[in-house]
Amino acid sequence: MLVPFVSRSLSSSLRTKNPSFFLATRAVTNPVEKYWTHLQSNDPNIEKALTRVGAKLDSSCVKELLTRCSCTNKHPTSGLRFFIWAGIQREYRHNSHMYNIACKLFNINQNPNLITDVIDAYTLDNSVVNLKSFKVVLNLCKEAKLPNEGLWVLKKMQDFNCKPDTTAYNLVIRVFCEKGKMDEALMLMQEMSLSNLYPDMVTFITMVKSFCDLGRIQDASKLFKIVKQQGCSLNVIAYSTLLDGICKVGDLEKGLNLLDEMNKKGGSCTPTVVTYTSMIRNFCEKKKSMEALTILDRMENNGCLANRVTVTTFINGLITENRIDEAYKLIDRVVNKGNVSKGECYSSLVVTLLRFGKDEDGEKVFRKMLSNGLKPDGLACSMLLKKMCLKEVMDAFEVCNEIEKLGFVSSIDSEIYSMMMDGLCRKGCLMEASKLARLMIEKGVRLNGSYSESVVEYLNNAGEMELVSRIFGG
DNA sequence: TTAGGGTTAG
C-alpha cells in the first residue's frame, strides 16, 4: 500500500520516534465515513440508506469502503451491495480497474457464493433492483471469470421483473467464451433469439475471437458465413479478428488473401492500422520480421500510417531476430512519415532491449537519447533506472539527475524513486539521499510503503535526524 | 458502452 511521502500534519517528533504510526495512518475523506456508518448498521435496506447519504462518490472513496468491508470480514455482502449500488449512481461509474479491485478484495473467484448471496439478500430484503444493477453483477461475474454464476444471474433477473437485454447476454456469452466453453456460448446465442433478442456484431465478434483463440478457424469461418448469409454487414473488427486467428495458426498466405478481400470490399471493412499491426505481429512471431516490412509497404500504399503500437511490434520482432540495425532503419522510416515521434520510437527500443536482457545496448540507446535531447518515456526511464538500481545505485542516481536536468517530466514509478532512496541509504550516500529526498518532495512522489521503515531506520542510525525530518516534514 | 493490435500496473 502506498503511504503519503510527506505528511505535514504530523509533528516531526512523533514521526521520528514512531514511524509505524505514521505508516498506519490513512487519509480519510468525509464521504467515506458517512457511507461507512451506514454499511456497518446492518440496515436491511442498505441501498435506500446509501442513497440518502448523498455524499460525493469517486473511485478512491469506493476503493476505501471496499477495503474496509473486506478487511472486517463481517461485511462482504454489504460491501458488494455498496459496490453494486455505487455502480448505478448517475454521477459515478466503475471502471474496469475498480471491478478488478472488487474481485480481488472479496476473492470472488474463489468464493462464487458471494454472488448468489447478494442476489438472495436482495430477495430477502425486498430490495429494488434494476437492469443496471444486474449489469454491475454480471460485470463482476465477468471479472471473476464465473460463467455459471453469470448464467444463474441472467435467469434470476426475471424474479426481479428485469428482462436481460443484448448487453446482458453478451456479457455472459463472453465469460463462457473466455473459458473456452463454446457449446454453452452457442446455446445462449440461440436462446437470445427465443426471447426476441438477436445476436449482434458484439456477440458475433466475441464468438469468432474465441473460436480463433481455440484454433477452431473452421468454426469461426462457418459463423462468418452464416452472418454473411443472413445479410448482416460485417465490419473491420470482425474481419480483423478472423484474420488474426488465421495468421495465428500459421496460415499467413490465407491471411494475406483475406487482407486483400478486405481492401476490395472497402467501406466499413477497410483495414485499419490495427489490422495491419496484428498482421505484422503474426509475421514477427514467426520470425519473419523482414517479410513483415512488405505489410508496412502495403499499409503505407493504402494511406494508413504506422503508429506507436506498430513500431513497438516491429521492434520486438526485429530484436528477437537480433536485427538491431534494421530496427534503427525502421525507426527512421516511420519517423519520416511524421506520425510517431523519435522519442517514442527510441523509448520503445530501450524497453524492448531491456526486456530481452540486452541491458548494455538498452543503456547505450538511452544515454544517446539524452545526449540528443530526445525525451525517454516513463516506462523506458523506470525500466532502465530499476535495472541500474539493482546494479549500482549511484549510476541510477546520476542518470536520474540527468533526466531532471534536461527537464524531461517523465512519469517515473514511485517504486523506482523509493528503491533508489533505499539503495542510497544502504550505501550511506547521505548527500545524494538528501538531494533525492528534495526532488521527491518537489515532485510530490510518495515513498513506497515497503521502503519507508528501512529508510527511516538507516537515516536515524546514521544520526541524520534532519534528513528524516526533511523527508517526512517537507 | 458488452467487440480488434503492444509494453507497465492500476
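Right, let's walk through the structure included here. Given the structure is predicted, the values throughout are model-derived calculations rather than measurements.

1. Here's the deal with the overall build of chain A
- For chain A, the helix and strand inventory stands at 28 helices and zero strands.
- Within chain A, counting contacts between residues at least 6 apart in sequence, those at least 24 apart form 66% of the total.
- As presented, chain A carries roughly 23,300 Å² of accessible surface, and 50% of it is formed by carbon and sulfur atoms.
- Here chain A contributes 62 positive and 53 negative side-chain charges, whose respective centroids are spaced 3 Å apart.

2. Section: the protein's contact with DNA strand B
- Close to DNA strand B lie 30 residues; Asn170, Arg174, Thr312, Asn316 and Leu379 are nearest.
- Those atoms of DNA strand B that come within 4 Å of the protein belong to sugar or phosphate at a rate of 46%.
- Between Asn170 and DNA strand B, the recorded distance is 2.3 Å, taken from a side-chain N or O atom to a base oxygen.
- With respect to DNA strand B, the side chain of Ser240 contributes an N or O atom lying 3.0 Å from a base nitrogen.
- Those elements that place two or more of their residues in the surface near DNA strand B are α11 (166-178), α13 (201-213), α15 (236-248), α17 (273-285), α19 (308-320) and α21 (342-355).
- Ranked by residue count, the leading element in the surface near DNA strand B is α19, at six residues.

3. Some remarks on the nonpolar core
- Counting 155 residues, the largest nonpolar core has Tyr35, Phe82, Ile108 and Leu140 as its most contacted members.
- Among residues more than four places away in sequence, those in contact with Tyr35 are Leu50, Val53, Gly54, Ala55, Lys56, Leu57, Cys61, Leu65, Phe82 and Trp85.

4. Points about α19
- The terminal C-alpha atoms of α19, which comprises 13 residues, lie 18 Å apart, in line with the 18 Å expected from a rise of 1.5 Å per residue.
- Taken residue by residue, α19 has Thr310, Val311, Thr313, Phe314, Ile315, Gly317, Leu318 and Ile319 as its buried positions.
- Residues of α19 that are buried in the fold lie against α17, α18 (289-301), α20 (324-337) and α21.
- One side-chain oxygen of the residue at the start of α19 lies 3.0 Å from the amide nitrogen of Val309, identifying that residue as Asn307.

Definitions and cut-offs
Residues numbered from 1 in each chain as written. Chains lettered and ligands numbered in written order. Predicted model: local features only at pLDDT ≥ 70, side-chain atom pairs only at ≥ 80, totals over all residues. Heavy atoms only, no water. Helix = DSSP H or I, 4+ residues; strand = E, 2+ residues; numbered from the N terminus. Contact = heavy atoms within 4.5 Å. Areas by Shrake-Rupley, 256 points an atom, 1.4 Å probe, with all protein chains shown as cover. Lys, Arg positive; Asp, Glu negative; His and termini not counted. Charge placed at Lys NZ, Arg CZ, Asp CG, Glu CD. Near = heavy atom within 4 Å. Polar contact = N/O pair within 3.5 Å; in protein donor to acceptor, adjacent residues only side chain to side chain. Core = buried A, V, L, I, M, F, W, Y, C linked by side-chain atoms within 4.5 Å. Buried < 20%, exposed > 50% of the residue type's maximum accessible area, 1.4 Å probe, protein only. Expected span 1.5 Å × (residues − 1).

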